[in-house]
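# Structure assessment
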Amino acid sequence: MKNGQNLLRIQESRDAGFVERVERESGQRVSQCYQCGNCSASCAYTHVYDFPANQIMRLIQLGQKDVILRSRSIWLCAQCQACTTRCPCNIDVARVMETLRVLAVEAGAVTQKDIQLFYDEFLKSVAAFGRVFETGLLASYNMKSGKPMTDADLAPQVLRKGKLALLPHRIRGRKEVAAIVRRFMDGAPERG
């Protein structure tokens, strides 16, 4: 790192087939991205990404598989579709981010156990509050995964911008939502 910037040795770490694989698995023409920056400008979480969405797209084009699959940006994407809506190339950027998460799991950059733990904690939060309580979800997941300080550096920025609440919002109909979650969990296959 020099002056707080990530330096890449592009030729040494290039995976020439990565862009083709991402395009095939996502169904999107990432190679057509011309770096207008609309995706990053429309993203509510760009300020906490290690690489904004347009840089993720460029890194794909450059074959920087390992950098991308270890990036936290692909996991922070909320799938809100703002990037996709504003893309002049009609690239479904949110779908590309989801594809990158799947590839990260396949590559062992994240464990299936951690993903299952996150999904379980997410559903518990929805069952308890009728919707996800992000702050509680993060705290619970981080503690149970044995990584209590993960993303703690993001808290001041996210709280200051009003992106996370300190207390959960309780909605009407939360008992009905809890019943739906229970039915889902009762019908879900056993996890090991």
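Everything here concerns the structure above.
Structural notes, computed from the coordinates.

The rules behind the values
- Residues numbered from 1 in each chain as written.
- Predicted model: local features only at pLDDT ≥ 70, side-chain atom pairs only at ≥ 80, totals over all residues.
- Heavy atoms only, no water.
- Helix = DSSP H or I, 4+ residues; strand = E, 2+ residues; numbered from the N terminus.
- Buried < 20%, exposed > 50% of the residue type's maximum accessible area, 1.4 Å probe, protein only.
- Contact = heavy atoms within 4.5 Å.
- Axes fitted to C-alpha atoms, helices over the stretch in contact; angles between N-to-C directions.
- Parallel < 35°, antiparallel > 145°, perpendicular 65-115°, else oblique.
- Left-handed = near helix turned anticlockwise from the far one by under 90°.
- Nonpolar A, V, L, I, M, F, W, Y, C, P; charged D, E, K, R; others polar.
- Core = buried A, V, L, I, M, F, W, Y, C linked by side-chain atoms within 4.5 Å.

### Remarks on the environment of V158
With respect to the helices and strands, the residue V158 is situated in helix α11 (residues 155-160). By relative accessible area, V158 is classed as buried at 9%. The spatial distance from the C-alpha of V158 to the C-alpha of V181 is 28 Å, given a sequence separation of 23 residues. Apart from the residues within four sequence positions on either side, V158 is in contact with H47, V48, K163 and L164.

### Quick word on the packing of helix α2 (residues 18-26) against helix α8 (residues 93-106)
With their axes 9 Å apart at the nearest point, α2 and α8 run at an angle of 115° to one another. For the element pair α2 / α8, the angle class is roughly perpendicular. Note on packing geometry: the crossing formed by α2 with α8 is right-handed. Counted together, F18, R21, V22, E25 and S26 of α2 and R95, V96, T99, L100, L103 and E106 of α8 form the full contact between these two elements. For the contact of α2 with α8, the residue count by class is five nonpolar, two polar and four charged.

### A look at the packing of helix α4 (residues 53-61) against α8
Where α4 contacts α8, the two axes come as close as 11 Å, and the packing angle between them is 60°. Here α4 is positioned oblique relative to α8, judged by the angle of their axes. Relative to α8, α4 is oriented so that their crossing is left-handed. Contact residues: α4 offers A53, I56, M57 and I60, while α8 offers V93, V96, M97 and L100. Along the lines of polarity and charge, the residues of the contact of α4 with α8 split into eight nonpolar, no polar and no charged.

### Re the environment of A109
Inspection of the secondary structure puts A109 in the loop between α8 and α9 (112-129). For A109, a relative accessible area of 32% translates into the label partly exposed. On a C-alpha basis, the gap between A109 and L69 in space is 6.5 Å, while along the polypeptide they are 40 residues apart. If we ignore the near neighbours within four places in the chain, the residues touching A109 are L69, R70 and A104.

### Considering the nonpolar core
Ranked by internal contacts, the top residues of the largest apolar core, which has 31 residues, are I60 and L100. Every element with two or more residues in this core is listed here: α2, α4, α5 (65-69) and α8. Tallying contributions element by element places α8 first for this core, with seven residues. With near-sequence residues (within four places) excluded, L100 lies in contact with F18, V22, I56, I60, I68, L69 and I74.

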